[in-house]
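# A structural walkthrough
As a plain string of letters, each chain reads:
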Amino acid sequence: MLLPILKFPDKRLTQVSKEVTEINDEIKTLAKNMLETMYEAEGIGLAAPQIGQFIRMIVIDLSGPEERSDSMVLINPKLTKIDDAGEISGEEGCLSVPLNYRAKVKRSAKVIVEAVDLDNKPVKFEAEDLMSVCLQHEVDHLDGKLFIDHLSMLKRGMYTSRLANKAKKEKL
Ligand code: K1U
Ligand code: ZN
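Since this is a predicted model, take the numbers as computed values, not measurements. (Residues numbered from 1 in each chain as written. Chains lettered and ligands numbered in written order. Predicted model: local features only at pLDDT ≥ 70, side-chain atom pairs only at ≥ 80, totals over all residues. Heavy atoms only, no water.)

## A look at a negative patch on the surface
Our working rule: Like charges within 9 Å and nonpolar side chains (Val, Leu, Ile, Met, Phe, Trp, Tyr) within 5 Å are joined into patches, using only residues over 30% in relative accessible area that form no salt bridge. Using a 1.4 Å probe, accessible areas were evaluated by the Shrake-Rupley method; residue-level cover was limited to the displayed protein chains. Think of a salt bridge as a Lys or Arg side-chain nitrogen and an Asp or Glu carboxyl oxygen that are within 4 Å of each other. His is not counted, nor are the chain ends; Lys and Arg add positive charge and Asp and Glu add negative charge. Every charge is mapped onto a representative atom, which is NZ of Lys, CZ of Arg, CG of Asp or CD of Glu. Helix and strand definitions here come from DSSP, where helices need a minimum of 4 consecutive H or I residues and strands a minimum of 2 consecutive E residues; each element is numbered from the N-terminal end. The classification of residues rests on relative accessible area computed with a 1.4 Å probe and restricted to protein chains. Under 20% of the type maximum is buried, over 50% is exposed, and intermediate values are partly exposed.
Together, Glu36, Glu40, Glu42 and Glu66 line one region of the surface with negative charge. Mapped onto the elements, Glu42 comes out in the loop between α1 (25-40) and β1 (45-47). Take Glu42: its relative accessible area is 60%, and that puts it in the exposed class.

Here it is as structure tokens:
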């Protein structure tokens, strides 16, 4: 089932999500629907709060909507930034940020993620490049943050006025 994705400036996207305490059928169905929604929207990641469920669950598939070969469901993910690895600055987009807006964001180059999977099995791995960026982007959603919150006041202001202008034109 496809789920509607909340869009900025919806205030619900600023909520901090709660830990998942039990992995039941409802959580499993939600994970399946999140993957379907992510593929349909042509994303490489999706966090539960983006579809209005304020729990700490994310889905990722860097192989993309065509291949769909690398899907991953992470529950209660915790990131440890590896400071020695430095930073990377990659272009990000977000399924919750309208106008297909993209901008460069500085992130930790490497992170270690610890989580559990849908079988409640512990998962731990080191991530770099796009996987590191995507994990940090998705965990930010769980903490009520969007990638545009990392931009300078000037860049963010330019984006929000573009969005406001579009809304104004649509009202006319
Ligand atoms: O969380 C989301 O809104 C999904 C988001 C994930 C993401 C993309 C790029 C960098 C960090 C996190 C997207 O999938 S945006 C859409 C997109 O199609 C995309 C952007 C860059 C590379 C590949 C895909
Ligand atoms: Zn996003």
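## Overview of the pattern of salt bridges
According to the stated counting rule, one finds nine salt bridges in the structure shown. Across the salt bridge formed by Arg12 and Asp10, the nearest N and O atoms sit 2.7 Å from each other. Overall, the relative accessible area of 41% leaves Arg12 in the partly exposed class. Between Arg156 and Asp149 there is a salt bridge, and its shortest N-O distance comes to 2.5 Å. A relative accessible area of 25% places Arg156 in the partly exposed class. For Asp149, a relative accessible area of 37% puts it in the partly exposed group. Where salt bridges share partners, they join Glu92, Arg107, Asp140 and Lys145 into one cluster.

## Some words on the coordination of the zinc ion (ligand 2)
For clarity, the threshold we go by: Atoms are scored as donors when they are N, O or S and lie within 2.8 Å of the metal, with 3.2 Å used for Na, K and Ca; no water is included, so coordination may look incomplete.
Around the zinc ion (ligand 2), the protein contributes the donor atoms Cys94 (SG), His137 (NE2) and His141 (NE2), which lie 2.1 to 2.3 Å from the metal centre. Under the relative-accessibility criterion, His137 is labelled buried at 9%. Among the residues examined, His141 registers a relative accessible area of 2% and is labelled buried.

Functional significance is not addressed by these values, which are geometric in nature.
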